[in-house]
Amino acid sequence: TFLLTVMTLFFISIGQYLGGAGGMKIAFIFALIMNIGSYWFSDKIILKMYKAKEINPEEFPEIKQTFSDLCKNAKVIEPKLFIYSAQEPNAFATGRNQENSVVALSTGLISILSLDEIEGVMAHELAHIENRDILIGSIAATFAGAISMIASMIKWGLIFGAFRGNRNSGSVFGNLLIAILAPLIALIIQMAISRTREYKADSTAAQITNKPKFLASALSKIQEFHLKSKKGIDTNKELQTATSHMFIISPIAGGVGKLFSSHPPTEERIKRLLNMES
């Protein structure tokens, strides 16, 4: 509720600045639609963003069976299991509640991890569902995407306005400030999704599988891939920024992305998991 309220006020403030009373009304309607849509359809929106498809049990029988066994061990309603095409190894969970939840794995993750390591990753995502983290994460991703879209529209508006000779310094400065601050506000809101939830999900996953070393190994491999291969991968930066907090490891590595990461240091997560093993 707090997150939706903050986002609504943010949209209304931008609308009032850009279009006065009329802009404020339009922004309020837009925020209202976003509130309803992000609650009921955020999972579908995010799955569509990543072009995820429900996994074929005949193509991945071992993964599907392992997932079903995990759900029984965790005593949770079995979510739908999806797969999306991406070179980067990663995974996320989404949905508004346990009855309407989804776990998604990337093709890259399936290709580089062993079955035991994939089990650890899936257990981590199931833990997010069991711990009721997925709704706020899905809502934050939807709104962060909308904020990035607004910032992008303002940026291009400034560029085309300059070409047309519109150089009103006050208007340009204000719009530029919004274009810069909007994505930062989105990142800060994502950071507000406590980093401790990742530690909690790791701990719960270890309890579900009784094999914390395999989740630690999976995190190590994913981290190593991101650090070594990041520059050579063609990725959608705005999409990753909006949804980075949802993944088992943030796809934004290094630089400012590290400072604003919604995830705790992977090295510390691995250390805690290995300590659970001993």
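Undergrad: Looking at this structure, I do not really get the pattern of salt bridges. What am I missing?
TA: A side chain of one charge can pair with a side chain of the opposite charge when the charged atoms of the two come close. For the coordinates displayed, the defined rule picks out eight salt bridges. Note that Asp116 is salt-bridged to Lys211, the shortest N-O span being 3.3 Å. Taken together, the residues Asp116 in helix 4 (residues 115–130) and Lys211 in the loop between helix 7 (196–209) and helix 8 (212–229) connect sequence positions 95 residues apart. Through salt bridges that share partners, Asp116, Glu119 and Lys211 make up one connected network.

Undergrad: Looking at this model, I keep getting lost on the sheet that holds strand 3 (residues 91–95). Mind explaining?
TA: Strand pairing in a sheet relies on backbone hydrogen bonds, with the paired strands running either antiparallel or parallel. In space, the four strands of this open sheet follow the order 1-2-4-3, with mixed pairing throughout. The sheet is open, and its two borders are formed by strand 1 (53–54) and strand 3, each paired with just one other strand. One ladder, built from five bridges, connects strand 3 with strand 4 (residues 101–106); its direction is antiparallel. Looking at the pairing, Ala91 lines up with Leu105 of strand 4.

Undergrad: What exactly am I supposed to notice about a nonpolar patch on the surface here?
TA: On the surface, Phe28, Ile29, Leu32, Ile33, Ile36, Tyr39, Trp40, Phe41, Ile45 and Met49 cluster together into a nonpolar patch covering about 940 Å² of accessible area. As for its placement among the helices and strands, Leu32 is situated in helix 1 (residues 2–49).

Undergrad: I keep staring at the environment of Val103 and nothing clicks. Help me out?
TA: Relative to the elements of secondary structure, Val103 occurs in strand 4. Sequence separation between Val103 and Leu81 is 22 residues; the distance between their C-alpha atoms is 5.1 Å. Beyond its immediate stretch of four places on either side in the chain, Val103 contacts Phe67, Pro79, Lys80, Leu81, Phe82, Phe92, Ala93, Glu125 and Ile129.

Undergrad: What is the right way to look at unusual backbone geometry in this model?
TA: It is generally the case that most residues other than glycine have a negative phi and that most peptide bonds are trans. Unlike most non-glycine residues, Arg132 shows phi in positive territory, near 65 degrees. Among the secondary structure elements, Arg132 is positioned in the loop between helix 4 and helix 5 (134–163). For Asn210, which is not glycine, the phi dihedral falls at a positive 60 degrees. Position of Asn210 among the secondary structure elements: in the loop between helix 7 and helix 8. Among the residues examined, Asn210 registers a relative accessible area of 62% and is labelled exposed.

Thresholds applied
Residues numbered from 1 in each chain as written. Predicted model: local features only at pLDDT ≥ 70, side-chain atom pairs only at ≥ 80, totals over all residues. Heavy atoms only, no water. Salt bridge = Lys/Arg side-chain N within 4 Å of Asp/Glu carboxyl O. Helix = DSSP H or I, 4+ residues; strand = E, 2+ residues; numbered from the N terminus. Pairing = 2+ DSSP bridges. Patch = residues over 30% accessible without salt bridge, like charges linked within 9 Å, V, L, I, M, F, W, Y side chains within 5 Å. Areas by Shrake-Rupley, 256 points an atom, 1.4 Å probe, with all protein chains shown as cover. Contact = heavy atoms within 4.5 Å. Buried < 20%, exposed > 50% of the residue type's maximum accessible area, 1.4 Å probe, protein only.

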